[in-house]
Amino acid sequence: MAQGVSDLAAKRGVMLAAAQAAGDLILQMQAEGLKNVRGKSNEIDLVTEADVAAEQAIRTALAARYPAIGFWGEESNQPPAEAAFWVVDPIDGTINFANGLPYCAVNIALQQEGQVVLGVTLELPARHLYWAERGQGAYLRPANGPEVRMGVNDSRHLGSALLTTGFPYHRGEHEDNNLAEFGYFIAHSQGVRCMGSAALDLVNVARGALAGYWEGWLNPWDAAPGVLMVREAGGTVTDYSGAPWQLTSKTLVASNGRPALHAALLEGIQQARRGLSASLLPAEEGA
Ligand code: IPD
Ligand code: CA
Ligand code: CA
């Protein structure tokens, strides 16, 4: 077996263990009662002491084994100088977490040679583990039960497609708040669910429970593991212009990869966004 393959498998083992240890810490802190929940960019963009502690625990675990690999975490948010780096969202779905709503996750990805090569999403509090390795598929390791390979569903048009989305924290004060897109798809699809974790939304496309997901204004740590999972499960992930999603993308459309459905998602988004001022759009679409 090639050296690079076994090296990636070793990194995957360390990454999965770091996610599970962080999950234990997060659930323990939640059980003990969260004492310090505060706003970041605004009052609804929350951070708890569990977000900060979990990010630090993940950084320590990864650096202990791989000191030369950089680290880009949401809470410390210092873009790394290294070519290879971990991308970490210690808790995706913090509003759910702070309210005790059981839909949040630990998210870790590895970016190497310009692409995401590993990703893990640990669903909390259920402790289901989802992971993908580039070229090796995407897998669900349930809290109790054997590991299964994930695959996208076969919905081919909007009318049979169950979708999900999320709304940016600036939604109260910014015109580009996803309401036009939501209005379009709620009228044209089987349904649109808004559950509050981009990480799990992507996982649910990868495992075939949802046919599609779109959202703007995302950060790399929200999306990186789930994008790899959707692609490895047979789906397609682009930005709103239809270009393949990459770590710097500000908008995201994920689907089961059926060409007509992905095209319908892009067309619906473009139609809904026609009324927006060009100057307000994320950079990649502003041209
Ligand atoms: C948020 C969640 C949410 C999405 C937001 C994200 P956070 O992440 O993924 O579903 O709509 O855009 O910022 O703040 O809970 O880590
Ligand atoms: Ca997030
Ligand atoms: Ca977060």
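Conventions and cut-offs
Residue positions are counted from 1 within each chain, in the order its sequence is given. Chains and ligands are labelled sequentially in the order written, the chains with letters from A and the ligands with numbers from 1. pLDDT decides what is reported in this predicted model: residues at 70 or higher carry local features, side-chain atom pairs at 80 or more are listed and counted, and totals for whole chains, interfaces and linings draw on all residues regardless. Side-chain measures here rest on the full set of heavy atoms in the structure, leaving out hydrogens and waters. Strands here are runs of E lasting at least two residues and helices are runs of H or I lasting at least four, both read from the DSSP assignment and numbered beginning at the N terminus. One less than the residue count of a helix, multiplied by 1.5 Å, gives the span that helix is expected to have. Remark: exposure states derive from per-residue accessible area (1.4 Å probe, protein chains only) relative to the maximum for the residue type, with buried under 20%, exposed over 50%, and partly exposed in between. Note that water is not among the atoms considered, so a metal site may appear incomplete; the donors listed are N, O and S atoms within 2.8 Å of the metal, with 3.2 Å applied to Na, K and Ca. For our purposes a nonpolar core is just a set of buried Ala, Val, Leu, Ile, Met, Phe, Trp, Tyr and Cys residues, chained together by side-chain atoms within 4.5 Å. Where each domain begins and ends follows an automated or database-derived domain assignment. Here, residues are in contact when the closest pair of their heavy atoms is within 4.5 Å. Any residue with a heavy atom positioned within 4 Å of a molecule or strand is treated as near that molecule or strand. We define a polar contact as two N or O atoms separated by no more than 3.5 Å, with the added condition that, inside protein, one atom must be a possible hydrogen donor and the other a possible acceptor, whereas residues neighbouring each other in sequence contribute only through side-chain atom pairs. Under the convention used here, a 1.4 Å probe and the Shrake-Rupley method define accessible areas, while residue burial counts only the protein chains that appear. In this classification, the charged set is Asp, Glu, Lys and Arg, the nonpolar set is Ala, Val, Leu, Ile, Met, Phe, Trp, Tyr, Cys and Pro, and all remaining amino acids, among them Gly, are polar. The term buried area denotes the loss of accessible surface (1.4 Å probe radius) that occurs when two parts are joined, taken as the sum for both partners. The rule for a salt bridge is simple: a side-chain nitrogen of Lys or Arg has to be within 4 Å of a carboxyl oxygen of Asp or Glu. For two strands to count as paired, DSSP must find a minimum of two bridges between them. Angles shown run from 0 to 180 degrees and are taken between the N-to-C directions of axes, each axis being a line fitted to C-alpha atoms and, for helices, limited to the stretch in contact.

## Considering helix α6 (residues 220–232)
Working step 1: Relative to the 18 Å expected for 13 residues at 1.5 Å per residue, α6 spans 18 Å between its end C-alpha atoms, a close match to the ideal helical length.
Working step 2: Burial within α6 is extensive, with 12 of its 13 residues counted as buried.
Working step 3: Turning to α6, its buried residues are Pro220, Trp221, Asp222, Ala223, Ala224, Pro225, Gly226, Val227, Leu228, Met229, Val230 and Glu232.
Working step 4: Trailing α6 by a residue or two, glycine 234 shows a phi angle of about 105 degrees, which is positive.

## So, the coordination of the calcium ion (ligand 3)
Working step 1: Distances from the calcium ion (ligand 3) to its protein donors, namely Glu74 (OE), Asp89 (OD) and Ile91 (O), fall within the range 2.2 to 2.4 Å.
Working step 2: Going along the chain, you hit the donors of the calcium ion (ligand 3) in the pattern E-x14-D-x1-I.
Working step 3: The two metals, the calcium ion (ligand 3) and the calcium ion (ligand 2), are separated by 3.7 Å and share aspartate 89 as a common coordinating residue. On the criterion of sequence distance, the pair formed by glutamate 74 in the loop between β3 (70–73) and β4 (85–92) and aspartate 89 in strand β4 is long-range, its members being 15 residues apart. Take glutamate 74 and aspartate 89: they sit in the same class, and that class is buried.

## A short note on the nonpolar core
Working step 1: Within the largest apolar cluster, 37 residues are counted, with the highest numbers of intra-cluster contacts made by Leu202, Tyr213, Met229, Trp245 and Leu252.
Working step 2: Residue assignment places this core across two domains, with domain 1 (2–149) and domain 2 (158–286) each supplying three or more.
Working step 3: Setting aside chain neighbours within four positions, we find leucine 252 in contact with Leu202, Tyr213, Trp214, Glu215, Leu218, Ala223, Val227, Val237, Thr238, Asp239, Tyr240 and Trp245.
Working step 4: One finds Ala19, Leu27, Phe71 and Val88 within the second-largest nonpolar core, a separate group that totals 33 residues.

## Remarks on the site of ligand 1
Working step 1: The full set close to ligand 1 counts 15 residues, and Asp92, Gly93, Thr94, Tyr169 and Glu215 are the nearest of them.
Working step 2: Here an oxygen atom of ligand 1 sits 3.2 Å away from a polar atom, N or O, in the side chain of aspartate 89.
Working step 3: Between ligand 1 and threonine 94 there is a distance of 2.9 Å, counted from an oxygen atom to a backbone nitrogen or oxygen.
Working step 4: Summarising the interface, the protein chains cover 93% of the accessible area of ligand 1, which totals 380 Å² for the free molecule.
Working step 5: Tallying contributions element by element places β4 first for the shell around ligand 1, with three residues.
Working step 6: In terms of residue class, the shell around ligand 1 is made up of five nonpolar, five polar and five charged.
Working step 7: Each of domain 1 (2–149) and domain 2 (158–286) accounts for three or more of the residues forming the shell around ligand 1.

## Comments concerning the domain arrangement of the protein
Buried accessible area, meaning the area lost when the parts come together, often serves as the stated size of an interface.
Working step 1: When cut into domains, the protein gives domain 1 (2–149) and domain 2 (158–286).
Working step 2: For domain 1 and domain 2, the distance between their C-alpha centres works out to 22 Å.
Working step 3: Contacts between the two partners involve 41 residues from domain 1 and, on the opposite side, 25 residues from domain 2.
Working step 4: For the pair domain 1 and domain 2, the two sides together bury roughly 2400 Å², of which 67% comes from carbon and sulfur.
Working step 5: Between the two partners, domain 1 and domain 2, sit zero salt bridges.
Working step 6: Of all the secondary-structure elements, those providing two or more residues to the side of domain 1 that touches domain 2 are β3, β4, α3 (94–99), β5 (104–112), β6 (115–124), β7 (128–133) and β8 (137–141).
Working step 7: With seven residues, β6 is the single largest residue contributor to the side of domain 1 that touches domain 2.

## Here's the deal with the sheet that holds β8
Working step 1: As summarised here, the arrangement of the seven strands in space is β3-β4-β5-β6-β7-β8-β9, forming an open sheet in which the pairing is mixed. The two strands at the open ends of the sheet, each matched to only one other strand, are β3 and β9 (148–149).
Working step 2: Lying on the sheet, helix α2 (residues 49–65) is in contact with β3, β4 and β5; it crosses β4 at an angle near 150 degrees.
Working step 3: In the packing of α6 onto the sheet, contacts are made with β3, β4, β5, β6, β7, β8 and β9, and the angle to β6 comes to roughly 100 degrees.

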